Each structure stands twice: as C-alpha cells, then as structure tokens.
Amino acid sequence: MVESRMAQVGDLRMHYLIEGEGPLLMLLHGWPQTSHCWRHLISPLAEHFTVVAPDLRGYGLTDKPRTGFDKRTMAADVRELARQLGHERVALVGHDRGGRVAHRYALDHPDEVERLVVMDIIPTREMWRRFDMISGVALGTWHWTFHLQPDLPERLAGADVRGYLGYFFEKWTVQRAALDVEEYYRAFSQPGALRAGFDDYRASFPDDAAHDDADYDAGRRLEMPVLALWGSAGLPARVGVEEVWRDYARDVRGAEISDCGHFLAEERPDVVLSHLRDFLKV
C-alpha cells in the first residue's frame, strides 16, 4: 500500500510517497504536477523496487522556499532523501522538470545512478540552443521565457490558476480525461505554489544553463543506460528525441508512445509501465 510521508531534508520538509522493498526507484514529477501523477505506476513497480515519488522542492506538500531551484540543488534534495531511506544507489525516472532534476543527479553523481529514464524532454541545454522560430520549438515553449520574468507570471496566472494551468492540460494532451486536473488546481492554489513553480523555470537561465554548458564543454556524458520516452503528440517529438540524447549519453534507447501528449504517466500508464519494466529488467 502506498504511504504518504514527510522527511526533513536539510532545511526542507519534503513530502513523498513510498511503497515496496528492494532497490530504490525514484519517480520525479514535472510542472504543473506533483507526485500524484505517478499514482498508476507506483504499486506495479513496487513489486520489484522500493518506489519513492517525492514532491520536488516547491511542489505539492513539500516546502516552498525562496531559493534552491537550480537543478543541482533540487537533485541534492532527492539524493539526501535517498540517503535517509538507506540507499546509496538509485534508478531514476523523471518527467518534464523532474527529468531535468534526474539528468543533473546523474551528471553530478554518475556512480550512484543505475539507470535513467527521461520522459518527454530533451536536455535543457538543447532547449536553449533550439529556441528559435525555424525549429518550431519556440512556438510550443513560449512559457519558458514568460516564466523567467520576475513577478509577472504570479500576478497574471494567480488571477485564474484554473484557467492558466487548464490551458496546458488541454494543449499538451491527447488523452485529456486521464489527467486528475482537480488535484493540480488545488495544489497550485496553495500559498507560494505558483511562485515556486515559476522559480523552477527561472533557475533554467542562467544557473542551469551554466552548469549544463560546463559539463558538456568538459566532455562529461551520461555513462549509465538511458531510456528516453516521448509522446507522439508532444513537443519533443518534433526534434528527434533519441538522436538528441545520443549527444549527451553513451547508451541510449528511445521509444515514442502513440496517441499520447506530454503527460505520459497519466495518459498511457500501461504502455509506460511496459517500457519501464523492460528497461529496468523486471
């Protein structure tokens, strides 16, 4: 049975869901979601793993501090939680912003990450490199630069949280009825939640960009096996996801999930579960 717990991770009170025994498997959600997005996958995966799905810094029931939203710090939060649970090695599954946290975790601590799954993203460095109208990426990622702005996103989106988030839940999905949008509307209506989510994006430049460029220029690439999954109707499908990741990792495989938008774990959980079981060798 899935348990809801809290942990003190440094100065951060972090909420997480946990079930199962065995090697540690961490599921890291994206924006605008919480650990709730993994509800269909936790119990099946818990047959073989200790499955932990935290609310990342600033999200859900986790604290919403004013700082620490660079992916290095967010990854350190997750790593400390793993250590507190008695695990030094981990397999990581990250979707959207959580995929960026997982990518940073794997770069900073490669000897501790067994396998890495990234869902419906390309590396943050590639997002900035391809941010132009010619590639078409800019048409779908206008929110990246909007969320970078100080104060304005909170003021405008805060006036209609349901309307703002609902835009993404509609535009980014194929299986729209599969999403539990009411849970996310509730979560992002809590004090500080919108600001924290935007701070996650604000850390993308210059902080995350500088860290990613430094690793790339130093020749650091992911050495563990990497699985990239993406939805057939998602934005990354336009740019050759598997090929992009091959420039950032030595051992990459990829799969497109048909009839699916951005929110893979909710839109097509059975298909995602099949891919995860195969990749994780269970």
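Residues numbered from 1 in each chain as written. Predicted model: local features only at pLDDT ≥ 70, side-chain atom pairs only at ≥ 80, totals over all residues. Heavy atoms only, no water.

In the nomenclature of an unreviewed UniProt entry, the protein corresponds to Alpha/beta fold hydrolase from the organism Nonomuraea mangrovi.

1. As for helix H3 (residues 97-108)
Given 3.6 residues to a turn, an α-helix orients residues that are three or four positions apart in the same direction. The condition that has to hold: By definition, any uninterrupted DSSP run of H or I lasting at least four residues is a helix, any uninterrupted run of E lasting at least two residues is a strand, and each is numbered from the N terminus. The length a helix should cover is 1.5 Å for every residue beyond the first. For every residue, the accessible area obtained with a 1.4 Å probe (protein chains only) is divided by the maximum for its type, and the residue is called buried under 20%, exposed over 50%, and partly exposed between those limits.
For H3, with twelve residues, the first-to-last C-alpha span of 17 Å sits near the 16 Å given by 1.5 Å per residue. Among the twelve residues in H3, eleven count as buried, and that is most of the element. Taken residue by residue, H3 has Arg97, Gly98, Gly99, Arg100, Val101, Ala102, His103, Arg104, Tyr105, Ala106 and Leu107 as its buried positions.

2. Considering the pairing of strand E5 (residues 90-95)
Stated precisely, the cut-off is as follows: Handedness of a crossover is defined as follows: with both strands directed away from the viewer, a clockwise route from the first strand across the helix to the second makes it right-handed.
In terms of burial, E5 is a largely internal element, six of the six residues being buried. Alternating residues of E5 divide into Val90, Leu92 and Gly94 and Ala91, Val93 and His95, and every residue in both groups is buried. Chirality of the crossover, the property in question, places the unit of E5, H3 and strand E6 (residues 113-119) among those that are right-handed.

3. Section: the sheet that holds strand E8 (residues 252-257)
For clarity, the cut-off: Here, a strand pair is defined by DSSP locating no fewer than two bridges between the strands. As a rule, the C-alpha atoms of each element are fitted with a line to give its axis, helices using only the stretch in contact, and angles between N-to-C directions run from 0 to 180 degrees. The contact criterion used throughout is that any non-hydrogen atoms of two residues lie within 4.5 Å.
Reading across the sheet, the eight strands line up as E1-E2-E4-E3-E5-E6-E7-E8 and stay open at both edges, with mixed pairing between neighbours. Each edge of the open sheet is held by one strand with a lone partner, namely strand E1 (3-9) and E8. Across this sheet, the average inter-strand angle for adjacent strands is 20°, counted without regard to direction. In terms of strand pairing, strand E3 (residues 24-28) meets E5 through four bridges, oriented parallel. Bridging from a neighbouring strand, Leu25 pairs with Ala91 of E5. The sheet contacts of H3 involve E3, E5 and E6, and relative to E5 the element is tilted by about 145°. Together, E3, E5, E6, strand E7 (226-231) and E8 form the strand contacts of helix H14 (residues 269-280), whose direction differs from that of E6 by roughly 155°.

4. Details of the side chain of Asp199
Mapped onto the elements, Asp199 comes out in helix H10 (residues 193-202). Exposure remark for Asp199: the relative accessible area of 14% places this residue in the buried category. Sequence-distant contacts of Asp199, defined by excluding residues within four places in its chain, comprise Arg66 and Phe69.

5. Overview of H14
The condition is simple: This arc corresponds to the set of directions leading from the helix axis out to the C-beta atoms.
Helix length check: H14 (twelve residues) gives 16 Å between terminal C-alpha atoms against 16 Å at 1.5 Å per residue, within 8%. Every buried residue of H14 is listed here: Pro269, Val272, Leu273, Leu276, Phe279 and Leu280. Looking straight down H14, one finds that the buried residues subtend no more than 135° of arc, so they occupy a single side. Of the exposed residues in H14, the ones pointing more than 90 degrees away from its buried face are Asp270 and Asp278. Backbone geometry just downstream of H14 places Lys281 in the positive-phi region, at approximately 65°.

6. Description of the environment of Leu222
Note on placement: Leu222 falls in the loop between helix H11 (204-217) and E7. Distance in space between the C-alpha atoms of Leu222 and Val113 is 9.8 Å, their sequence separation being 109 residues. Look past the residues within four positions of Leu222 in its chain and what remains in contact with it is His103, Ala106, Leu107, Leu116, Trp245, Tyr248, Ala249 and Arg250.

7. Here's the deal with the packing of helix H2 (residues 71-84) against H3
Just so we agree on the cut-off: The scheme is simple: roughly parallel for angles under 35 degrees, roughly antiparallel for over 145, roughly perpendicular for 65 to 115, oblique for anything else. Amino acid classes used here: Ala, Val, Leu, Ile, Met, Phe, Trp, Tyr, Cys and Pro are nonpolar; Asp, Glu, Lys and Arg are charged; the rest, including Gly, are polar.
Running from N to C, H2 and H3 cross one another at 75°; their axes reach a closest spacing of 8 Å. With respect to each other, H2 and H3 are oriented roughly perpendicular. Contacts from Lys71, Arg72, Met74, Ala75, Val78, Arg79 and Ala82 of H2 reach H3 at Arg97, Arg100, Val101, Arg104, Tyr105 and Asp108. Class assignment of the residues belonging to the contact of H2 with H3 gives a composition of six nonpolar, no polar and seven charged.

8. Some points on the pattern of salt bridges
Applicable threshold: Each reported salt bridge corresponds to a side-chain nitrogen of Lys or Arg within 4 Å of a carboxyl oxygen of Asp or Glu.
Evaluation of the coordinates by the stated rule reveals 26 salt bridges. Here Asp77 makes a salt bridge to Arg57, at a shortest N to O gap of 2.8 Å. With a gap of 20 residues between them, Asp77 in helix H2 and Arg57 in the loop between strand E4 (50-54) and H2 connect regions that are remote in the sequence. Two residues, Arg104 and Asp108, come together in a salt bridge whose shortest N-O distance is 2.8 Å. One end of the pair is Arg104 and the other is Asp108, both in helix H3 and four residues apart, which spans about a single turn. Among the residues examined, Arg104 registers a relative accessible area of 3% and is labelled buried. What you see here is one network of salt bridges that share partners, running through Arg72, Arg104, Asp108, Asp212, Asp215 and Arg220.

9. Details of the nonpolar core
Counted only if it meets this: Among the buried residues, those of types Ala, Val, Leu, Ile, Met, Phe, Trp, Tyr and Cys that are joined through side-chain atoms within 4.5 Å form a nonpolar core.
Residues Met26, Trp31 and Trp38 are the most contacted members of the largest nonpolar core, which totals 94 residues. Those residues within four positions of Trp38 in sequence are excluded, and the remaining contacts are Leu27, Leu28, His29, Ala53, Val93, His95, Met119 and Ala265.

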